[in-house]
Amino acid sequence: SDWVMDCVFSPDGRRLVTVSKDLAVRVWRMCNGTLNPEQTLSGHLRTVTACVFSPDGAVLVTVSEDMTARVWDASVSNWVVLHTLRGHGASVLGCAYCPTGDMVATVSLDRTTRVWDPNDRWIPLITLEGHTGAVVNCAFSPSGHCLVTTSEDRSVVVWNTKTWLCICALNEHTMMVAAARFSPDGSALVTVSADATAMVWQTSDWTRLATLSGHCQRLQSCAFSPDGMSLVTISRDQTARVWVADSGSYIDWAHVCTLETHNGDVGACVFDPNGSNLATISADGRLYVWSDM
C-alpha cells in the first residue's frame, strides 16, 4: 500500500519477502510463477528499509528507520521475532548476511557499519567507521573474506573480514554510491550510483573493468543472475535495464532489453535462486515478477 523498499527470495525460491514504508514485512509464497500472500509481519515502528535471508533460509533479518534490526524465525509458521538488534544511532539503511553464515552486517545513517554474530546470541562483533557520509548499502563476497560498504560520501570501502582493516577504497563515482553486488564467483563487483552509472570492478586487484551507462537518472540497485552472465540495473527513471556479459568476460557488456512497467522509482531487484524469475519493486507500491530472464 506504500513505497516498497526492498525484496529478497528465500534460498529455496519458494518465498519472496518485501518491505515497505507502510512498516510491513510481507511474505509471499511462490507457486507456478504466481505470488500469493502468506504472512504480514509487524513490529517495526518506522519504514522498513531492507531485508535478507540467512543462507539456510531459517532466519530473516529486516532493518528499519526505527534504528533497529529484527531477526525473524522463518522456520515456523508465525515468524516470531528471535532478537531485536540495537546500537545504531540513526536509521538503519541496509543489511547483508555472510554466505558462510557467521556474520551479519547492518549499515546506517549514523555513518557506521555494525557486524553481528548470529551464532553467539547476535552479539556485536565490531563497529566499522571511516565513511564521512551515511552508509547506505553493504555486501559480503561469496567467500566471506570481504565486506563492501557504500556511502553518500561517493566511496566504496572494501574491508577484510578477518582483520577488519580497510583493503582499499574505490572513489571513481561522482555521486552517492547506492549499492554494491558481487558476481556469484566473486571475481567481480558491481557498484551503482546516483551519477547514473554502474561500474564493474575486478576483485583480484580492484581495478575498474567497465562502466555501464544508459539510465537517465540515479541508479538504485542491481542484481546478478545466478550464473553471473546477466546483470540488472534499476533506476529512478522507472526502468530496469538488462545487460549481458559478452564472451563470459566482465569487461564487455551488451544492453539487451529495458523493462518499463513501473510508474515510480524502481527501488530494488532480485533474481530467484535458479535465475528463471526476476522481481522488481517500486515507489508505485507495485511488485512485478518477470519470467524467463
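The rules behind these values
Residues numbered from 1 in each chain as written. Predicted model: local features only at pLDDT ≥ 70, side-chain atom pairs only at ≥ 80, totals over all residues. Heavy atoms only, no water. Buried < 20%, exposed > 50% of the residue type's maximum accessible area, 1.4 Å probe, protein only. Helix = DSSP H or I, 4+ residues; strand = E, 2+ residues; numbered from the N terminus. Pairing = 2+ DSSP bridges. Phe/Tyr/Trp six-rings, centres within 6.5 Å; stacked < 30°, edge-to-face > 60°. Salt bridge = Lys/Arg side-chain N within 4 Å of Asp/Glu carboxyl O. Axes fitted to C-alpha atoms, helices over the stretch in contact; angles between N-to-C directions.

**Q** Just to check I follow, could you spell out the pairing of strand S6 (residues 59–64) for this structure?
**A** Consecutive side chains along a regular strand alternate between the two faces of the sheet. Among the six residues that make up S6, six are buried, leaving the element largely enclosed by the rest of the structure. Of the two faces of S6, the one lined by Val59, Val61 and Val63 and the one lined by Leu60, Thr62 and Ser64 are each fully buried. By the bridge criterion, five bridges tie strand S5 (residues 48–53) to S6 in an arrangement that is antiparallel. Bridge assignment links Cys51 to a residue of S6, and that residue is Thr62. Connecting S5 to the antiparallel partner S6 that follows it, the hairpin turn spans five residues, and Gly57 within it adopts a positive phi of roughly 75 degrees. As defined by bridge partners, S6 adjoins strand S7 (residues 69–73) across five bridges and the pair is classed as antiparallel. Across the sheet, the residue bridging to Val61 is Val71, located in S7.

**Q** Explanation requested: unusual backbone geometry in the structure shown.
**A** The phi dihedral of Trp79 is positive, around 50 degrees, even though this residue is not glycine. Residue Arg121 is not a glycine yet carries a positive backbone phi of 60 degrees. Topologically, Arg121 is positioned in the loop between strand S11 (113–117) and strand S12 (123–128). Residue class for Arg121 comes out exposed when judged on its relative accessible area of 62%.

**Q** Is there a simple way to explain the packing of aromatic side chains in this structure?
**A** The description of two aromatic rings rests on the distance between their centres and on the angle between their planes. In the structure shown here, the tally under the stated rule is six aromatic pairs. On the numbers, 5.8 Å between centres and 65 degrees between planes, the contact of Phe224 with Tyr250 is edge-to-face. Of this pair, Phe224 sits in strand S21 (residues 219–224) while Tyr250 sits in the loop between strand S23 (240–245) and strand S24 (253–259), placing them 26 residues apart in sequence. Judged by its relative accessible area of 10%, Phe224 is buried. The exposure class assigned to Tyr250 is buried, which follows from its relative accessible area of 9%. Measuring from ring centre to ring centre gives 6.1 Å for Tyr288 and Trp290, while their planes differ by 40 degrees; the resulting arrangement is tilted. Taking relative accessible area as the criterion, Tyr288 reaches 23% and is therefore assigned partly exposed. Here a set of aromatic residues connected by ring pairs shows up, and it is made of Phe224, Tyr250 and Trp253.

**Q** Would you explain the pattern of salt bridges in this entry?
**A** Between side chains of opposite charge, a pair can form when the charged atoms approach closely. According to the stated counting rule, one finds seven salt bridges in the structure shown. Notably, a salt bridge pairs Arg15 with Glu38, separated by 3.0 Å at the nearest N-O pair. On the criterion of sequence distance, the pair formed by Arg15 in strand S2 (residues 15–20) and Glu38 in strand S4 (residues 34–41) is long-range, its members being 23 residues apart. Residue classification places Arg15 among the buried residues on the basis of a relative accessible area of 18%. In this structure, the salt-bridge partner of Glu38 is Arg29, at a minimum N-O distance of 2.9 Å. Given the relative accessible area of 29%, Glu38 is considered partly exposed. With a relative accessible area of 30%, Arg29 lands in the partly exposed category. One connected set of salt bridges, linked through shared partners, spans Arg15, Arg29 and Glu38.

**Q** Whenever I open this one, the sheet that holds strand S26 (residues 277–282) confuses me. Can you help?
**A** Adjacent strands of a sheet pair through backbone hydrogen bonds, lying either parallel or antiparallel. Spatial ordering of the open sheet is given by S25-S26-S27, a layout of three strands whose pairing is antiparallel. Among the strands making up the open sheet, the edge pair consists of strand S25 (266–271) and strand S27 (287–291). Neighbouring strand axes in the sheet, compared pairwise and without regard to direction, differ in orientation by 20 degrees on average. Bridge count for S25 against S26 is five bridges, and the pairing is antiparallel. By the bridge assignment for S26, Val270 is matched with Ala279.

All quantities given are derived from atomic positions and should not be read as evidence of function.
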